[in-house]
Amino acid sequence: MNDPLIDPFARAITYLRLSVTDRCDFRCVYCMSENMTFLPKRDLLTLEELDRLCTSFIGLGVRKLRITGGEPLVRRDIMSFFQGMSRHLQSGALEELTLTTNGSQLHRFAGDLYDAGVRRINISIDTLDEAKFAEITRWGKLVNVLRGIDAALEAGLKVKLNAVALKDFNESELFDLTEFCAARDMDLTFIEVMPMGDLGEEDRVGQYWALSDLQAKLATRYTLTDLPDRTGGPARYLRLEETGQRVGLITPLTHNFCESCNRVRVTCTGEIYTCLGQEGSADLREPLRASEGNDVLENAIRAAIGNKPKGHDFDYSRGNEGGKMSRHMSHTGG
Ligand code: SAM
Ligand code: SF4
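Please read all numbers here as calculations on a predicted model, not as lab measurements.

### What about the sheet that holds strand S11 (residues 271-273)?
No. 1: Reading across the sheet, the twelve strands line up as S7-S8-S9-S6-S5-S4-S3-S2-S1-S10-S11-S12 and stay open at both edges, with mixed pairing between neighbours. Each edge of the sheet is formed by a strand with only one pairing partner; in this case those strands are strand S7 (224-227) and strand S12 (281-283). Adjacent strand axes in the sheet meet at a mean angle of 25 degrees when their direction is disregarded.
No. 2: In this structure, S7 lies alongside strand S8 (residues 235-240), joined through four bridges in antiparallel fashion. Bridge pairing links Leu227 to Tyr237 in S8.

Dropping the structure here:
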């Protein structure tokens, strides 16, 4: 194999998060504005280009690939991409192929995903109340997502739910969400809302619910044990002794996780972001299109990783949104 990808701070890059579309069938208030302008289709990498790109990363030592978006399952023919990637699972070059989805299309694709070698998926759901679900996603229907969750479990996929922790919104549902997951043997992760994109009317500082507070509330009902599990990302994990389930807390704003960062993100147009919390990116689309061989592309990947910053600049202190990013989460895929 080629030399592995090591960044200037001696971190091995083994995890790629790839956004395959900026489009979505929801308009979650913290993620998109209602009238988003999407990229012209010609700017997107084709499915063949996405395959070449991932194959190059895998050749350079990436062991885990997460597909995200936008909503990855609204990209036309995306199953053929998953089927293509399954060859890397079969060869052993790739350890895990997974995705993050809003679940709306899962009832159609859960079985195909399993057949392509996907074994675990993350489904985002912030509330179990139909009216609140419609409010937060603007366009989503809770019933479709619940159907998607059932289909995923039936297909044999291990499911983890992701919920964005929102003050005065799902605070009151903390135990309902926990019990919903416990009953289905699903892990649950809470995400602190991040200052991404210019969403106009929304006051994201006001929506912010510190996960230290959420944890304290959980501790009023459950015995919590800190788990040593680290994923190289911003999540830390607790076990609820009474249910045995794992609860993750993603706290990019209050915890420093950068020293163990093992990941990079690539957008659907082929921009590589080596840090979620920094503006700097590099273009991989032109190198990808520059030649049929992969040397130009691999050099561009190495150059980008050679510039991976040490850490991010998010900061909510003093009620401001320091380090706020201008791009939307649907752009880099979260
Ligand atoms: N559409 C898919 C979904 O919703 O799961 C995948 C893409 S979405 C951008 C990935 C994750 O980012 C979701 O769990 C979503 O809740 C989260 N997210 C979006 N905007 C966010 C924000 N401003 N702060 C924190 N999490 C956010
Ligand atoms: Fe779509 Fe996911 Fe963003 Fe919601 S969080 S608008 S489902 S991309």
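Here the narrative resumes.
### As for the confidence of the model for the protein chain
No. 1: Overall, the predicted model of the protein chain reaches an average pLDDT of 89, with 87% of residues at or above 70.
No. 2: Low confidence marks residues 316-323, where pLDDT is under 50. Its contacts with residues over four positions away, or in another chain, come to 20 contacts.

### What to know about the site of ligand 1
No. 1: Taken together, 17 residues are adjacent to ligand 1, and Tyr30, Gly70, Thr100, Ser124 and Met194 come closest.
No. 2: Contacts to ligand 1 include Thr101, whose backbone N or O atom sits 3.3 Å from an oxygen atom.
No. 3: Take Met194: an N or O atom from its main chain is 2.7 Å from a nitrogen atom of ligand 1.
No. 4: Burial of ligand 1 by the protein amounts to 94% of the accessible area it has alone, namely 550 Å².

### Structural notes on the nonpolar core
No. 1: Counting 93 residues, the largest nonpolar core has Leu18, Phe57, Phe82, Leu161 and Phe190 as the members making the most contacts within it.
No. 2: Broken down by element, the residue count for this core peaks at six residues, all from helix H1 (residues 47-59).
No. 3: In this view, Leu161 contacts Ile123, Ile125, Ile149, Phe180, Cys181, Met186, Asp187, Leu188 and Thr189; residues no more than four positions away in its chain are not counted.

### A short note on the site of ligand 2
No. 1: The environment of ligand 2 is formed by Cys24, Phe26, Cys28, Cys31, Met32, Gly70 and Asn102.
No. 2: Within the shell around ligand 2, the residues separate by chemical class into five nonpolar, two polar and no charged.

Calculation rules
- Residues numbered from 1 in each chain as written.
- Chains lettered and ligands numbered in written order.
- Predicted model: local features only at pLDDT ≥ 70, side-chain atom pairs only at ≥ 80, totals over all residues.
- Heavy atoms only, no water.
- Pairing = 2+ DSSP bridges.
- Helix = DSSP H or I, 4+ residues; strand = E, 2+ residues; numbered from the N terminus.
- Axes fitted to C-alpha atoms, helices over the stretch in contact; angles between N-to-C directions.
- pLDDT = per-residue confidence, 0-100.
- Contact = heavy atoms within 4.5 Å.
- Near = heavy atom within 4 Å.
- Polar contact = N/O pair within 3.5 Å; in protein donor to acceptor, adjacent residues only side chain to side chain.
- Areas by Shrake-Rupley, 256 points an atom, 1.4 Å probe, with all protein chains shown as cover.
- Core = buried A, V, L, I, M, F, W, Y, C linked by side-chain atoms within 4.5 Å.
- Buried < 20%, exposed > 50% of the residue type's maximum accessible area, 1.4 Å probe, protein only.
- Nonpolar A, V, L, I, M, F, W, Y, C, P; charged D, E, K, R; others polar.

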